[in-house]
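Spelled out from the first residue to the last, the chains are:
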Amino acid sequence: SRYRGEKVGIKEIELIGATSVPHWKLAMAMKDTKKRSVLRIFKRSKFTSSTYEKDKKALIEKFYGAGLRDAHIVHDTVFFLDPKNLKIQIIVDEGSKYYFGDFEWFGNSKYRSSFLDSVIGIKKGDIYNKTLLDKRLNGGEDGRDIASLYVNKGHLFFQIFPVETGVSGNFINYQFRIYEGKEARYGEITVVGNTKTND
């Protein structure tokens, strides 16, 4: 290309086929690949293919979060509007929308299944969001997850294995297979370096 090696800016990102997720959310996903502002004031940015590939993955994650787990990019192209400005066009196939179906718990003896259902806070018919499910099972920022519930009660070797058991219509069913492990207890506690206070 005669423009190779020159710095170019992203003037516009056009998304075709994206109707279920607000465009401002999609624009946030493409934050590292600069885009036009809502005021139509164009900012120049250096275009790099690695950043673009990362942002495309983040873009599709937004669709996954809206229950569109089959969403994918059909085609995308980057082309010059002029020697200094690029346009990106991305064509998306959103696919069907999915919802959470039935949950089954196996291996839980410390807590009832109904209680574990209340901890994850996801009900049948909620929009399918795998990222949210993973957080509620193994590490939500608010401590509201199944793993924290067990580990905080001494089950340091706790593990949970979510298994997708099938799709009924647009409802995705899961089994949660739990290994609680034995409760860990404190052994001997030794304090080192204390010269002014007794152990």
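Check the entry above for the structure.
Residue positions within a chain follow its written sequence, with the count starting from 1. Given that this is a predicted model, residues contribute local features only at a pLDDT of at least 70 and side-chain atom pairs are listed and counted only at 80 or more, while totals for whole chains, interfaces and linings are drawn from all residues. With hydrogens and water excluded, all non-hydrogen atoms of the structure serve as input to the side-chain values.

A. Representation of the sheet that holds strand S2 (residues 72–82). Between any two strands, pairing holds if DSSP finds at least two bridges. A run of H or I in DSSP counts as a helix once it spans at least four residues, and a run of E counts as a strand once it spans at least two, with each numbered from the N terminus. Spatially, three strands are ordered S1-S3-S2 in an open sheet, and the strand pairing comes out mixed. Bordering the open sheet on either side are strand S1 (9–16) and S2, each of which pairs with just one other strand. Ignoring strand direction, the axes of neighbouring strands in this sheet form an average angle of 15°. Two elements, S1 and strand S3 (residues 85–93), share seven bridges in a ladder whose sense is parallel. By the bridge assignment, Leu15 is partnered in S3 with Ile90. For this analysis, residues touch if any pair of their heavy atoms sits within 4.5 Å. Axis angles are defined between N-to-C directions and span 0 to 180 degrees, where every axis is a line fitted to C-alpha atoms and, for a helix, only to the segment in contact. Those strands touched by helix H2 (residues 49–64) are S1, S2 and S3, and its axis lies near 135° from that of S2.

B. The arrangement of the pattern of salt bridges in detail. A side-chain nitrogen of Lys or Arg and a carboxyl oxygen of Asp or Glu constitute a salt bridge if their distance falls within 4 Å. Evaluation of the coordinates by the stated rule reveals seven salt bridges. Put simply, Lys130 and Asp134 hold a salt bridge, and the shortest N to O gap is 3.1 Å. Here Asp134 and Lys130 lie together in helix H4 (residues 130–138), a separation of four residues that amounts to about one turn.

C. Local environment of the environment of Glu61. Assignment of secondary structure puts Glu61 in helix H2. Burial here depends on accessible area, computed with a 1.4 Å probe over protein chains only, as a share of the maximum for the residue type. Under 20% is buried, over 50% is exposed, and the range in between is partly exposed. Using a relative accessible area of 41% as the deciding quantity, one classes Glu61 as partly exposed. Distance in space between the C-alpha atoms of Glu61 and Ala71 is 8.9 Å, their sequence separation being 10 residues.

D. Region of the structure containing the packing of aromatic side chains. Any two rings among Phe, Tyr and Trp, with Trp reduced to its six-membered ring, count as a pair given centres within 6.5 Å; such a pair is stacked if its planes are under 30 degrees apart, edge-to-face if over 60, and tilted if neither. With the rule as written, the count across this model stands at 10 aromatic pairs. Taking the centre distance of 5.8 Å and the plane angle of 35° together, the rings of Tyr99 and Phe171 count as tilted. Pair noted here: Tyr99 is in strand S4 (residues 99–106) and Phe171 is in strand S6 (residues 171–179), with a separation of 72 residues, a long-range link. Here Tyr99 falls in the partly exposed class, since its relative accessible area comes to 27%. For Phe171, a relative accessible area of 31% corresponds to the partly exposed category. Judged by centre distance (6.5 Å) and plane angle (75°), the ring pair of Phe103 and Tyr174 falls under edge-to-face. With Phe103 in strand S4 and Tyr174 in strand S6, this residue pair connects regions lying 71 residues apart in the sequence. Of the two residues examined, Phe103 and Tyr174, each falls in the buried class.

E. The arrangement of a nonpolar patch on the surface in detail. On the surface, Val151, Leu156, Phe157, Phe161 and Tyr179 cluster together to form a nonpolar patch covering roughly 520 Å² of accessible area. Leu156 gets classed as exposed once you look at its relative accessible area, which sits at 53%. Each patch is assembled from residues with relative accessible area greater than 30% and no salt bridge, linking like charges that lie within 9 Å and nonpolar side chains (Val, Leu, Ile, Met, Phe, Trp, Tyr) that lie within 5 Å. To be clear on the numbers: accessible area is Shrake-Rupley with a 1.4 Å probe, and residue cover counts the displayed protein chains and nothing else.

F. Local environment of the pairing of S2. Where S2 lies against S3, nine bridges are found, and the strand directions are antiparallel. From the neighbouring strand, His75 faces S3, where its bridge partner is Ile91. Counted along the chain from S2 to the antiparallel partner S3, the turn is two residues long.

G. Region of the structure containing H4. Taken as a whole, H4 has its buried residues at Leu133, Arg136 and Leu137. Along the axis of H4, the buried residues cluster in a sector spanning 95°; they form a single face. Those residues of H4 that are buried lie in contact with S4, helix H3 (113–120), helix H5 (146–151), strand S5 (159–168) and S6. Counted as a polar contact is a pair of N or O atoms within 3.5 Å, where, for protein atoms, one must be capable of donating a hydrogen and the other of accepting one, and residues adjacent in sequence contribute only when both atoms are in side chains. Its side-chain oxygen 3.2 Å from the backbone nitrogen of Thr131, Asn129 forms the N-cap of H4. Of the residues one or two after H4, Gly139 is the one with positive phi, at around 125°. By construction, the arc corresponds to the directions joining the helix axis to the C-beta atoms.

H. H3, seen in detail. For H3, the full list of buried residues reads Leu116, Val119 and Ile120. Angular distribution of buried residues about the axis of H3 spans 90°; they occupy a single face of the element. In this structure, the buried residues of H3 make contact with S4, H4, H5 and S6. At the exit of H3 stands Gly121, carrying a positive phi of roughly 65°.

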